[in-house]
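Residue-level structural notes
If you want the building blocks of each chain, they are given just below.
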Amino acid sequence: MKRNIDVCLSPELINLYDLEGKIVVVVDILRATSVMVTALAHEAKEIIPVATLEEARSYLDQGFLCAAERGGAPVEGFELDNSPFNYMTEQIKGESIVITTTNGTLAITKSTAADQVLIGAFLNINALAKYISHQDKDVIIHCAGWKGKTNMEDTLFAGALVELLTDSHELACDTAHVALKYYQSVKGNLFETVKNSAHAKRLGKLNIIKDIEFCVRQSDYDIVPILVGKTLVAAQPQ
Ligand code: 3SL
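Here's a quick rundown of the structure. Note that the coordinates shown come from a computational prediction; the quantities given were computed from them, not determined experimentally.

What counts, and at which threshold
Residues numbered from 1 in each chain as written. Predicted model: local features only at pLDDT ≥ 70, side-chain atom pairs only at ≥ 80, totals over all residues. Heavy atoms only, no water. Near = heavy atom within 4 Å. Polar contact = N/O pair within 3.5 Å; in protein donor to acceptor, adjacent residues only side chain to side chain. Areas by Shrake-Rupley, 256 points an atom, 1.4 Å probe, with all protein chains shown as cover. Core = buried A, V, L, I, M, F, W, Y, C linked by side-chain atoms within 4.5 Å. Buried < 20%, exposed > 50% of the residue type's maximum accessible area, 1.4 Å probe, protein only. Contact = heavy atoms within 4.5 Å. Helix = DSSP H or I, 4+ residues; strand = E, 2+ residues; numbered from the N terminus. Expected span 1.5 Å × (residues − 1). Axes fitted to C-alpha atoms, helices over the stretch in contact; angles between N-to-C directions. Parallel < 35°, antiparallel > 145°, perpendicular 65-115°, else oblique. Left-handed = near helix turned anticlockwise from the far one by under 90°. Nonpolar A, V, L, I, M, F, W, Y, C, P; charged D, E, K, R; others polar.

**Describing the site of the ligand**
As a matter of local geometry, the ligand sits amid 14 residues, with Asp28, Arg31, Asn82, Thr101 and Asn103 nearest to it. One of the backbone nitrogen or oxygen atoms of Ala32 is found 2.9 Å away from an oxygen atom of the ligand. If the ligand stood free it would expose 290 Å²; the protein chains cover 100% of that surface.

Put into structure tokens, the structure is as follows:
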């Protein structure tokens, strides 16, 4: 029997969904979840996502390697920002990295009632679909959006993952259909589409085009981050 797949377009709406017993895939294509996938693929030991700067600062005081972003910009006093290219270095190998971002880490902390919280990005979408198809569980794709509002890039990812899971999962609500149709209408032109997103414009002054180009690449990595307690680690391959 097919399982259900549903899409939640904002952390402001996640309280409308029953997460119990389900897999929640959190996605923040630009750039939090793309960064997390990249870091674990480059052998970071684990990632500790925290919602607030205060929590991140308390880890900083304990000597952790910490990353912080607010409003798209790096936060003073933190060693790492939110560009995936900073997570491909020797510096992150074997490290526990604490990350706080405007939307992505908030969406993670709002998903913890789920049976499993997984991290999604275009960078790991095939590995994610394969992992989920072995689980026999309902799925909710939780889009981080921007400050409570829906965004283009996370909705596109939701549509792409729905498309990959149509053999094993039934589309449970209209949002899943909307995301799927939207993705199918632009999938040949993902970079050009996302380049025109509000967040791409917001990040424009930070010379972000390189990051966007990277974040829409599909399935560079085989890794599926999973939340174990408060920490994201690579799930066992299925
Ligand atoms: O909002 C977030 O969580 C971030 O990913 C935003 S940014 O791409 O780092 O600006």
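**Looking at the nonpolar core**
Judged by nonpolar contacts, the single largest core of 77 residues is most densely connected at Ile132, Ile141, Phe157 and Leu161. Look past the residues within four positions of Ile141 in its chain and what remains in contact with it is Ile5, Asp6, Val7, Cys8, Val25, Val27, Phe157, Ala158, Leu161 and Val162. Residues Ala68, Val75, Phe78 and Val98 belong to the second largest nonpolar core, which totals 10 residues.

**Points about helix α5 (residues 152–164)**
Along its 13 residues, α5 runs 19 Å from first to last C-alpha, staying within 8% of the 18 Å computed at 1.5 Å per residue. Extensive coverage of α5 is indicated by the burial of 10 of its 13 residues. When we look at burial in α5, the residues that qualify are Glu153, Asp154, Thr155, Leu156, Phe157, Ala158, Gly159, Ala160, Leu161 and Val162.

**Remarks on the packing of helix α4 (residues 125–133) against α5**
Closest axis-to-axis distance for the α4/α5 pair is 10 Å, and the angle between their directions is 45°. In terms of orientation, α4 and α5 fall into the oblique class. Note that α4 runs across α5; the crossing there is right-handed. Contacts between α4 and α5 involve Ile125, Asn126, Leu128, Ala129 and Ile132 from the first element and Phe157, Ala160, Leu161 and Leu164 from the second. For the contact of α4 with α5, a count of residues per class yields 8 nonpolar, 1 polar and no charged.

In short, the description is geometric, and any link to function would need to be established separately.
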